Amino acid sequence: MTELVLAMDGPAGSGKSSVSKAAARRLGWAYLDTGAAYRALGWYVVQRGVDPTDAAAVIDSLPDFDYRVGTDPDGYHVFVGEHDVTTAIREPEVTAVVSAIARVPEVRTFLTGLFRDIVRHSEKPGIVVEGRDITTVVCPDAPVRILLTADEAVRMARRAAELTEHSAAHVGEALRRRDAADARVVDFMNAAEGVTTLDSTDLDFDQTVDAVLAVVQNVV
Ligand code: C5P
């Protein structure tokens, strides 16, 4: 098992994906985006014509879900079978179903096992793992655990900056709804005991990455 694990949780739009990827790059560590696996399962379920709210049918899909992911922060790709789904899993059709499948306990247990295998087999000196329940469930013993937060208005504004004005309001609302649904399953808005809260509201991207690395350097 890779012993140097940086576990990072946070809400949608907190910047945790880009921040943790940049931190992994600067540390020379591997990188694992667990949200991408939940999304890939969402994509797979939609492809199979399975109703994402039918928990039993979603559970039936798990044995055939052939998920593969590289852990290099540069050129990160996600595969389901032979399909490169790196881009497809970001489509609104997938985002719309992912919370429904993520609340199925069997799905969480299945994916948690997969994540721990990836951490165990990583060959880099360390690995950055990011998601919603990494600090509490997937890697609760990680030497570095961070909850990355930012005020909701700032998270919405950062997301909106990537979008057209028309879609920004719509996406902001969808983001709020997804966070509310996800927060009913795992608490990623409040830091668990021993987890460092990093509020990036007043920090730019580089300052946030530096702050993450400062936490790592204090511990390892
Ligand atoms: O991080 P991202 O927004 O891509 O995650 C997509 C979805 O996957 C979340 O909305 C949540 O439903 C689910 N997820 C989860 N636990 C994780 C990571 C993601 O439930 N560790």
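Quick notes on the rules
Residues numbered from 1 in each chain as written. Predicted model: local features only at pLDDT ≥ 70, side-chain atom pairs only at ≥ 80, totals over all residues. UniProt positions renumbered as here; feature names shortened; annotations may be inferred. Pairing = 2+ DSSP bridges. Helix = DSSP H or I, 4+ residues; strand = E, 2+ residues; numbered from the N terminus. Axes fitted to C-alpha atoms, helices over the stretch in contact; angles between N-to-C directions. Expected span 1.5 Å × (residues − 1). Buried ≥ 20, exposed ≤ 12 C-beta atoms within 10 Å, placed from the backbone. Arc of directions from axis to C-beta. Contact = placed C-beta atoms within 7 Å. Near = placed C-beta within 6 Å.

Named according to an unreviewed UniProt entry, the chain is Cytidylate kinase originating from Leifsonia williamsii. Here the chain is described in UniProt, under the heading Subcellular location (unreviewed entry), as follows: "Cytoplasm". Note on the chain: under the UniProt heading Sequence similarities (unreviewed entry), the record states "Belongs to the cytidylate kinase family. Type 1 subfamily."

Draft legend 1. Highlighting the sheet that holds strand E7 (residues 144-149). Strand order in the open sheet formed by 5 strands is E2-E6-E1-E7-E8, with parallel pairing between adjacent strands. The open sheet has two free edges, formed respectively by strand E2 (30-33) and strand E8 (196-199), since each of these has just one partner strand. Sheet twist, expressed as the average angle between the axes of neighbouring strands with direction ignored, equals 20°. Strand direction decides the pairing type here: E7 and E8, joined by 4 bridges, are parallel. Bridge pairing in E8 links Ile146 to Thr196.

Draft legend 2. Summary view of helix H9 (residues 205-219). The end-to-end C-alpha separation of H9 is 22 Å, in line with the 21 Å expected for 15 residues at 1.5 Å each. Three or more residues of H9 are buried, namely Thr208, Val209 and Val212. On an axial view of H9, the arc spanned by its buried residues comes to 100°, and they lie on one face. Exposed and oriented more than 90 degrees from the buried face of H9 are Asp206, Gln207, Ala214, Gln217 and Asn218. For H9, the elements touching its buried residues are helix H1 (16-27), E7 and E8.

Draft legend 3. Looking closely at the site of the ligand. Contacts to the ligand come from 14 residues, most closely from Gly35, Tyr38, Ala102, Gly131 and Arg132. For the shell around the ligand, the secondary-structure elements that each account for two or more residues are helix H2 (34-47), helix H4 (92-102) and helix H8 (165-183). Ranked by residue count, the leading element in the shell around the ligand is H2, at 4 residues.

Draft legend 4. Local environment of the pairing of E7. Among the 6 residues of E7, 6 are classified as buried, and the element is accordingly described as predominantly covered. Residues of E7 alternate between two faces, with Val144, Ile146 and Leu148 on one and Arg145, Leu147 and Thr149 on the opposite face, all of them buried.

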